[in-house]
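Single-letter residue listing:
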Amino acid sequence: MSKLFSISFSIIILMQSFGLNFGDLSQIDKFIEHAQFHSEQYGDNVFVFISKHYGKLKKEHNKEHQEEKEDHEQLPFQHHSSISSVIAFFVNSSNEEFKKAEVSELRAHNFFYQETISSIHLKGLFQPPRQS
């Protein structure tokens, strides 16, 4: 079960690293339909179609064919996003019990306080007010 989870999780991370998501996969039928339209209407092959919608000819094609704008927006892989996230998932399969921590009672102190001596304090400049 853990291998199946690891493999599926790895596939999801791989798809997201290429910029693919499930919304794009659901729009593949629109891609095929629009490619057939271009083949019938303009005589484009698959490579020219991809170049017109995702490559060098995209800007020119969008300017010349404004009537197809709604169809172009429904094609997959048209989103531009940049999201970075790091997910860490650790599975501890060992059944070891946590051991109780031993606390030793050390009474030796490793600190001391030494009062600062300054000539200003000795002359009485910063002394508390006195009642007369």
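Here, the structure is the one placed above.
As the structure is a prediction and not an experimental result, all values here were calculated from the model.

Scanning the chain from terminus to terminus reveals 7 helices and 0 strands. Starting at the N terminus and ending at the C terminus, the chain contains elements arranged as α-α-α-α-α-α-α. For the chain, the residues scored as buried account for 11% of the 132 residues in total. Taking as baseline every contact in the chain between residues at least 6 positions apart, the subset at least 24 positions apart corresponds to 45%. Total accessible area on the chain is roughly 13000 Å²; 57% of this is exposed by carbon and sulfur atoms.

Under the definition given, this model contains 1 salt bridge. Linking D44 and K52 is a salt bridge whose minimum nitrogen-to-oxygen distance equals 2.8 Å. Since its relative accessible area comes to 12%, D44 is described here as buried.

A few words on the side chain of H38. Along the chain, H38 turns up in helix 3 (residues 28-42). Classification of H38 as buried rests on a relative accessible area of 0%. Within the structure, H38 has its side chain in polar contact with the side chain of E68 (distance 3.5 Å). If near-sequence neighbours (up to four positions away) are discounted, H38 is found in contact with G43, D44, F49, K52, H53, H61, E68 and H72.

Interhelical geometry of helix 3 versus helix 4 (residues 46-54) gives an angle of 110° and a closest axis separation of 10 Å. The angle between the axes of helix 3 and helix 4 places the two elements in the roughly perpendicular class. As helix 3 runs across helix 4, the sense of the crossing is right-handed. Taking contact as the criterion, the partners of F31, H34, A35, H38 and Y42 in helix 3 are, on helix 4, F49, I50, K52, H53 and Y54. Classifying every residue of the contact of helix 3 with helix 4 by side-chain character gives 6 nonpolar, 3 polar and 1 charged.

All right, on to a nonpolar patch on the surface then. On the surface, I12, F22, L25, I28, I32 and F77 cluster together into a nonpolar patch covering about 520 Å² of accessible area. At the level of secondary structure, the elements contributing two or more residues to the nonpolar patch comprise helix 2 (22-26) and helix 3. Here F77 is to be found in the loop between helix 6 (69-73) and helix 7 (119-123). Here F77 falls in the partly exposed class, since its relative accessible area comes to 34%.

Of the positions making up helix 4, those classed as buried are F49, K52 and H53. For helix 4, the angular spread of the buried residues around the axis is 85°, confining them to a single face. Looking at the buried positions of helix 4, the neighbouring elements they touch are helix 3, helix 5 (58-64) and helix 6.

Rules of the game
Residues numbered from 1 in each chain as written. Predicted model: local features only at pLDDT ≥ 70, side-chain atom pairs only at ≥ 80, totals over all residues. Heavy atoms only, no water. Helix = DSSP H or I, 4+ residues; strand = E, 2+ residues; numbered from the N terminus. Buried < 20%, exposed > 50% of the residue type's maximum accessible area, 1.4 Å probe, protein only. Contact = heavy atoms within 4.5 Å. Areas by Shrake-Rupley, 256 points an atom, 1.4 Å probe, with all protein chains shown as cover. Salt bridge = Lys/Arg side-chain N within 4 Å of Asp/Glu carboxyl O. Polar contact = N/O pair within 3.5 Å; in protein donor to acceptor, adjacent residues only side chain to side chain. Axes fitted to C-alpha atoms, helices over the stretch in contact; angles between N-to-C directions. Parallel < 35°, antiparallel > 145°, perpendicular 65-115°, else oblique. Left-handed = near helix turned anticlockwise from the far one by under 90°. Nonpolar A, V, L, I, M, F, W, Y, C, P; charged D, E, K, R; others polar. Patch = residues over 30% accessible without salt bridge, like charges linked within 9 Å, V, L, I, M, F, W, Y side chains within 5 Å. Arc of directions from axis to C-beta.

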